[in-house]
2 protein chains.
Amino acid sequence: MELKPIAHIESPFPEKFGVPRQSGLIDSLRAWVVFEPEYRVREALRGIEGFSHLWLIWQFDRVPGDKWTPTVRPPRLGGNKRVGVFASRSPFRPNPVGLSCVELDRVDYEALDGPRLLVRGADLVDRTPIFDVKPYLPSADCKPEATGGFTTENPWQELEVEFPPELLARVPEDRREALTAVLAADPRPHYQKDRTRVYGMSFGGMEVRFTVEDLTLRVREVSPQGHKAAK
Amino acid sequence: MELKPIAHIESPFPEKFGVPRQSGLIDSLRAWVVFEPEYRVREALRGIEGFSHLWLIWQFDRVPGDKWTPTVRPPRLGGNKRVGVFASRSPFRPNPVGLSCVELDRVDYEALDGPRLLVRGADLVDRTPIFDVKPYLPSADCKPEATGGFTTENPWQELEVEFPPELLARVPEDRREALTAVLAADPRPHYQKDRTRVYGMSFGGMEVRFTVEDLTLRVREVSPQGHKAAK
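Residues numbered from 1 in each chain as written. Chains lettered and ligands numbered in written order. Predicted model: local features only at pLDDT ≥ 70, side-chain atom pairs only at ≥ 80, totals over all residues. Heavy atoms only, no water.

A. How the structure looks around the packing of aromatic side chains. Using the criterion set out here, one finds 18 aromatic pairs over all chains in the structure. Here the aromatic rings of F150(A) and F51(B) are separated by 5.8 Å at their centres, their planes lie at 90°, and the arrangement is edge-to-face. One end of the pair, F150(A), is in helix 2 (residues 149–153); the other, F51(B), is in the loop between strand 2 (30–35) and strand 3 (53–59), on a second chain. Look at F51(B) and you get buried, because its relative accessible area is 1%. (Phe/Tyr/Trp six-rings, centres within 6.5 Å; stacked < 30°, edge-to-face > 60°. Helix = DSSP H or I, 4+ residues; strand = E, 2+ residues; numbered from the N terminus. Buried < 20%, exposed > 50% of the residue type's maximum accessible area, 1.4 Å probe, protein only.)

In structure tokens:
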């Protein structure tokens with residue numbers, strides 16, 4: 001079956017580094033679902049405000065196609081244990097389709113490229129193609145009794161973030177909370193635990209540099225993003 | 001993007017009539033997820049037993065393609081009110097992809113066409129192509145605070161089922177509970193409320209005939225399915 005994008009995301013992450021490892025983790029992280037011209041139809045959203053949460057079905061477009069392996073090494077397991085691809089949400093699957101639950105903040109009907117959806121908690125790289133938007137149905141989708149396999153047994157370790165005030169001041173006010181939460185979620189690749197290393201992350205047009213020692217992340221520099229911001 | 005089926009469902013519903021209107025509603029309803037030969041790989045399921053629930057992403061293959069309308073009339077609203085397609089789980093969407101949460105009962109590693117997954121609560125017609133199987137992650141997917149729009153405001157009306165013992169005896173014992181639950185969920189099309197009408201439903205190789213008066217469904221006949229069972 002052929003899928004065509006009906007929308008794309010506009011998120012603060014121009015690249016994969018820093019994107020939360022699961023949807024819904026970071027509430028303050030906002031992104032726009034912008035429909036492609038054919039689907040900018042007000043009527044197609046009628047009633048959507050009654051739903052607090054939505055599903056996005058989207059394309060893992062940053063992974064090489066035609067590549068599937070029966071097992072993957074989830075970051076949550078430190079990247080050194082293998083689980084079956086169907087027991088994981090890894091992008092390296094036979095059909096590279098992602099599934100994310102996001103919170104619907106509001107619908108902007110007035111935008112030039114609207115109506116568009118402001119959502120919270122998206123774990124999508126900027127410009128990711130979206131194939132479907134569905135309402136979250138509590139009666140069918142919420143399973144409080146569900147067990148989460150290795151994801152329950154291995155919760156993420158949060159970092160403490162030291163963000164010097166003079167650097168934080170360079171971040172637009174409405175993005176400070178989100179950026180701090182993204183850092184606290186430990187954006188490092190699982191295989192890098194080098195305390196001397198300076199990591200760089202692009203976020204909302206800024207380049208953020210930081211180091212991590214034990215469970216403390218220190219922000220070292222915040223600067224406007226160079227050529228990447230021009231994209 | 002091109003999707004290819006990695007599996008298909010083997011469910012008791014040879015046609016759409018009777019299929020629950022949402023996944024997870026009927027616990028006793030069992031179905032098999034049978035992988036296509038290329039994906040019958042034991043390793044690809046490693047760790048899946050740790051998850052009680054799974055997502056199936058599948059194709060609405062009984063709807064005509066290339067047909068999307070901005071609004072749809074959900075059965076839950078009696079079929080006479082319109083909501084936006086993105087505020088519904090209707091099959092008539094730009095990309096006809098379905099999303100269902102099912103309970104994982106067990107993995108059968110020994111079957112000739114195994115390993116295959118026994119699941120509960122599937123709302124898929126027999127032979128529906130499946131594009132992905134993902135674990136349900138409680139931390140990302142379970143939103144007890146979610147509001148369900150028109151689906152919360154309009155819960156389904158359950159029917160009382162009168163199943164004469166001599167007819168129930170014709171149903172294989174392990175399917176009696178599921179069949180009764182399917183009938184209680186009111187399989188009638190929303191626009192048909194004719195108390196004199198005899199409805200026919202195919203279920204697990206049987207043809208079941210029933211009438212409905214007010215909130216009581218009476219089973220009138222159970223017989224082996226004719227030519228349809230041969231498929």
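From this point on, the discussion continues.
B. Local environment of the side chain of E207(B). Residue and element names in this part refer to chain B. Within the fold, E207 resides in strand 11 (residues 206–213). A distance of 3.1 Å separates polar atoms of two side chains, one belonging to E207 and the other to S202. The residues contacting E207, other than those within four sequence positions of it, are G200, M201, S202, E221, V222, S223, P224 and Q225. (Polar contact = N/O pair within 3.5 Å; in protein donor to acceptor, adjacent residues only side chain to side chain. Contact = heavy atoms within 4.5 Å.)

C. A look at the pattern of salt bridges. Under the definition given, this model contains 33 salt bridges over all chains. In this structure, E38(B) and K4(B) form a salt bridge, with 3.5 Å as the shortest nitrogen-oxygen distance. Placement of E38(B) in the loop between strand 2 and strand 3 and of K4(B) in the segment before strand 1 (7–10) is noted, with a sequence separation of 34 residues between them. Overall, the relative accessible area of 46% leaves E38(B) in the partly exposed class. Look at the salt bridges and you will find they share partners, linking E10(A), D113(A), R116(A) and R127(A) into a network. (Salt bridge = Lys/Arg side-chain N within 4 Å of Asp/Glu carboxyl O.)

D. Quick peek at the interface of chain A and chain B. The interface is formed by 67 residues belonging to chain A together with 67 residues belonging to chain B. Summed over both partners, the interface of chain A with chain B buries about 6000 Å², with 60% contributed by carbon and sulfur atoms. The interface formed by chain A and chain B includes four salt bridges. A salt bridge links D132(A) to R93(B); its shortest N-O distance comes to 2.8 Å. At the surface where chain A touches chain B, the tally comes to 36 residue pairs in polar contact (both at pLDDT 80 or more). (Buried area = accessible area lost by both parts, 1.4 Å probe.)

E. Highlighting unusual backbone geometry. All names here are of chain A. In this structure, the amide linkage connecting G114 to the following residue, P115, adopts the cis form with an omega of 0°. One non-glycine residue, R127, adopts positive backbone phi at about 75°. Tracing the chain through its elements places R127 in the loop between strand 7 (116–120) and strand 8 (129–135). Phi at D214 takes a positive value of approximately 50°, unusual for a residue other than glycine. Mapped onto the secondary structure, D214 falls in the loop between strand 11 (206–213) and strand 12 (216–224). A residue is classified by how much of its surface remains accessible, and D214, at 56% relative accessible area, is exposed.

F. The sheet that holds strand 11 of chain A, seen in detail. All names here are of chain A. Pairing is mixed in the open sheet, where four strands are placed in the order 9-12-11-10. Single-partner strands in this sheet number two, and they are strand 9 (160–162) and strand 10 (199–203). Adjacent strand axes in the sheet meet at a mean angle of 35°, parallel and antiparallel pairs treated alike. Seen against the sheet, helix 4 (residues 173–184) touches strand 9, strand 10, strand 11 and strand 12 and runs at an angle of roughly 140° to strand 10. (Pairing = 2+ DSSP bridges. Axes fitted to C-alpha atoms, helices over the stretch in contact; angles between N-to-C directions.)

G. A look at the sheet that holds strand 3 (residues 53–59) of chain A. Residues and elements named next belong to chain A. The strand order around the closed barrel formed by six strands is 1-2-7-6-3-8, and the pairing between neighbours is antiparallel. Averaged over neighbouring strand pairs, the angle between their axes works out to 45° when direction is ignored. Judged from the five bridges that link them, strand 6 (residues 97–108) and strand 7 form a sheet pairing that is antiparallel. Across the sheet, the residue bridging to V107 is L117, located in strand 7.

H. Inspection of helix 4 (residues 173–184) of chain B at higher detail. All names here are of chain B. Between its terminal C-alpha atoms helix 4 stretches 18 Å, which fits the 16 Å expected from twelve residues at 1.5 Å a residue. Taken as a whole, helix 4 has its buried residues at A178, L179, V182, L183 and A184. Close packing links the buried residues of helix 4 with strand 9 (160–162), strand 10 (199–203), strand 11 and strand 12 (216–224). Of the residues trailing helix 4, D186 is marked for its positive phi of about 65°. (Expected span 1.5 Å × (residues − 1).)

I. Structural context of the environment of F60(A). Inspection of the secondary structure assignment puts F60(A) in the loop between strand 3 and strand 4 (71–72). Taking the C-alpha atoms as reference points, F60(A) and L124(A), 64 residues apart in sequence, are found 8.8 Å from one another. Sequence-distant contacts of F60(A), defined by excluding residues within four places in its chain, comprise R89(A), S90(A), P91(A), R93(A), P96(A), V97(A), G98(A) and K134(B).

J. Seen up close, the relation of the copies chain A and chain B. For the pair chain A and chain B, the relating rotation is 180°, the translation along its axis is 0.0 Å, and the fit reaches an RMSD of 0.0 Å. The superposition operator between the copies reduces to a two-fold rotation axis. (Least-squares fit on C-alpha atoms with pLDDT ≥ 70 in both.)

K. Local environment of the pairing of strand 8 (residues 129–135) of chain B. All names here are of chain B. Of all seven residues that make up strand 8, seven are buried, and the element is covered over most of its length. Strand direction decides the pairing type here: strand 1 and strand 8, joined by two bridges, are antiparallel. The residue of strand 8 that forms the bridge with H8 is P129.

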